[in-house]
Amino acid sequence: MPHFNIIKESHYKKTFRNESIKGQFDLQIESIKEQFSGNIDIENIDWNVGLIVGSSGSGKSTIAKQIFKDDYIKEFQYGNESIIDEMPKIKSTEEITKTFNSVGFATVWSWLKPYNVLSNGEKMRVDLARAILSDKNLIVFDEFTSVVDRTIAKTSSSAIQKAIRKLNKKFVAVACHHDIIDWLEPDWIYDTDKKQFFFAQKNIKDQKLNLKLENVTQKNGNYLNDITI
C-alpha cells in the first residue's frame, strides 16, 4: 500500500474525426499514456479519516481504486421504496435512524421518500449512511461533496468524520475541493496536485481537536501525465 505506480494507456481507432484531430494538432501518437506514482504511507499509523484531494484529471479516482480496490464504494442501486426501506434488512430501525442523524440526514419526512426525489445533498448523505450500515470497516467514497454547495459540504464533512470516529471505522474521502479539510479533520492527506502525502499532526487544545497543517510531515510522490509517442 505505501507505494503505487499506475499506468493507464488508451488506444483509439483510426476514424475520420480522430485522424482529423491528429492532423490539425500535429499529434504523432498511437496511444495516450498516463502514469501516476507516489506514496500513501499509512500502514504503520493509527488513523480514522483520510483524504485524497486534487483537481479533475489529476488521478484521484484512479489512485483510490487501485490502492483501496476492495473498499471503493461503487454507485448504489436504489428502487422506488422509501429510503429507510432501502437500507440493509438486517439493521434495526433504530440503527438506521441513528446513522441517518450521524451523517446529517435528519429530515424525518425525507426518510419516507424514494431516492430519486431527494436533493443532491440528501442523496450524498444517504449514500454515506448506507456505506456505514454495510458493516465495512473501511469506506472509500469518491466525488465526496462534489455535487453539493459548499456550506453543505462543510457541515457534511464535520458530521461524517464524527460518525466515523465514534464507530472507530476508517473513511477515505476522494474530493476535488480543499475547503473541506478543516471540517473533515483528516488524519492524513494525499494531494494529487502537489504529489505529496501529508500526515496531519493532532493536538488537544481547550478540549478540542485542532488540525495543525502547518506542521505536517510531507512525503513526496511523483505524478506524470504524458503521451506516448
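Above this text is the structure in question.
So, the environment of Lys-91
Stage number 1. With respect to the secondary-structure elements, Lys-91 resides in the loop between α3 (83-86) and α4 (93-102).
Stage number 2. Residue classification places Lys-91 among the buried positions, given a relative accessible area of 15%.
Stage number 3. Sequence separation between Lys-91 and Ser-134 is 43 residues; the distance between their C-alpha atoms is 9.3 Å.
Stage number 4. Sequence-distant contacts of Lys-91, that is, excluding residues within four places in its chain, are made with Ile-96, Leu-133 and Asp-135.
Stage number 5. In terms of polar contacts, Lys-91 uses its side chain to reach the side chain of Asp-135, at 2.8 Å.

Side note on the packing of helix α5 (residues 120-133) against helix α6 (residues 150-167)
Stage number 1. Between α5 and α6, whose axes approach to 12 Å, the crossing angle comes to 10°. Classed by the angle they form, the pair α5 and α6 counts as roughly parallel. Residue-level inspection shows Met-124, Arg-125, Leu-128 and Ile-132 of α5 in contact with α6, the latter providing Ile-152, Thr-155, Ser-156, Ile-160, Ile-164 and Leu-167.
Stage number 2. In terms of residue class, the contact of α5 with α6 is built from seven nonpolar, two polar and one charged.

Details of the pattern of salt bridges
Stage number 1. Applying the stated criterion to the full structure yields seven salt bridges.
Stage number 2. In this structure, Lys-89 and Glu-81 form a salt bridge, with 3.9 Å as the shortest nitrogen-oxygen distance.
Stage number 3. Looking at Lys-89, the relative accessible area reads 64%, which means it is exposed.

Digging into the environment of Phe-198
Stage number 1. Looking at the element boundaries, Phe-198 is found in strand β7 (residues 196-205).
Stage number 2. With 11 residues separating them along the chain, Phe-198 and Asp-187 place their C-alpha atoms 8.7 Å apart.

Focus on the pairing of strand β3 (residues 49-53)
Stage number 1. The buried fraction of β3 is high, at five of five residues.
Stage number 2. The side-chain alternation of β3 yields two buried faces, one formed by Val-49, Leu-51 and Val-53 and the other by Gly-50 and Ile-52.
Stage number 3. Bridge analysis of β3 against strand β6 (residues 188-191) gives four bridges, and the strand direction is parallel. Counted as the bridge partner of Ile-52 is Tyr-190 from β6.

Description of the packing of aromatic side chains
Stage number 1. Enumeration over the complete set of coordinates arrives at 10 aromatic pairs.
Stage number 2. Between Phe-100 and Trp-111, the aromatic rings sit 5.5 Å apart at their centres with planes inclined by 50°, giving tilted as the arrangement. Of the two residues, Phe-100 is situated in helix α4 and Trp-111 in the loop between α4 and α5; the sequence distance between them amounts to 11 residues.
Stage number 3. Residue Trp-111 is classed as buried on the basis of its relative accessible area, which comes to 9%.
Stage number 4. Ring centres of Phe-144 and Phe-171 lie 5.6 Å apart, and the angle between their planes is 70°; this geometry places the pair in the edge-to-face category. Of this pair, Phe-144 sits in the loop between β4 (138-141) and α6 while Phe-171 is found in strand β5 (residues 170-175), placing the two residues 27 residues apart along the sequence.
Stage number 5. One aromatic cluster is present, built from ring pairs that chain together Trp-47, Trp-188 and Phe-197.
Stage number 6. For the cation-ring pair, Arg-130 lies above Tyr-78, with the distance from its terminal atom to the ring centre recorded as 4.7 Å.

Notes on the packing of α4 against α5
Stage number 1. Viewed as axis vectors pointing N to C, α4 and α5 meet at an angle of 130°, and their least axial separation amounts to 9 Å. By the criterion of interaxial angle, the relationship of α4 to α5 is oblique. Viewed along their axes, α4 and α5 form a crossing whose handedness is right-handed. Where α4 abuts α5, its residues Glu-95, Ile-96, Thr-99 and Phe-100 lie against Ala-129, Ile-132 and Leu-133.
Stage number 2. Partitioning the contact of α4 with α5 into residue classes produces five nonpolar, one polar and one charged.

What counts, and at which threshold
Starting afresh in each chain, residues are numbered from 1 along the sequence in its written order. Given that the model is predicted, a residue must reach a pLDDT of at least 70 before its local features are reported, and side-chain atom pairs must reach 80 or more before they are shown or counted; all residues, however, enter totals for whole chains, interfaces and linings. As a rule here, side-chain values cover all heavy atoms of the structure and leave hydrogens and water aside. In this text, helices come from DSSP runs of H or I with a minimum length of four residues, and strands from runs of E with a minimum of two, each type numbered from the N-terminal end. Here's how the labels work: a residue is buried when its accessible area is under 20% of the maximum for its type, exposed when over 50%, partly exposed in between, all with a 1.4 Å probe on protein chains only. Contact between two residues is taken to exist if any of their heavy atoms lie within 4.5 Å; hydrogens are not considered. Counted as a polar contact is a pair of N or O atoms within 3.5 Å, where, for protein atoms, one must be capable of donating a hydrogen and the other of accepting one, and residues adjacent in sequence contribute only when both atoms are in side chains. Under this scheme, a helix contributes an axis fitted over its contacting stretch, all axes are lines through C-alpha atoms, and angles between N-to-C directions fall in the 0 to 180 degree range. These descriptions rest on fixed angle ranges, namely under 35 degrees for roughly parallel, over 145 for roughly antiparallel, 65 to 115 for roughly perpendicular, and the rest for oblique. Basically, the charged four are Asp, Glu, Lys and Arg, the nonpolar ten are Ala, Val, Leu, Ile, Met, Phe, Trp, Tyr, Cys and Pro, and anything else, Gly included, counts as polar. Here a salt bridge means any side-chain nitrogen of Lys or Arg lying within 4 Å of a carboxyl oxygen belonging to Asp or Glu. Strand pairing is defined by DSSP finding a minimum of two bridges between the two strands. Each pair of aromatic rings taken from Phe, Tyr and Trp, with Trp reduced to its six-membered ring, is defined by centres within 6.5 Å and is described as stacked if the planes are under 30 degrees apart, edge-to-face if over 60, and tilted in the remaining cases. The rule is short: NZ of Lys or CZ of Arg within 6 Å of the ring centre and within 35 degrees of the ring normal puts a charge over the ring. Whether a crossing is left-handed or right-handed is set by the direction in which the near helix is turned from the far one by less than a right angle, anticlockwise for left-handed and clockwise for right-handed.

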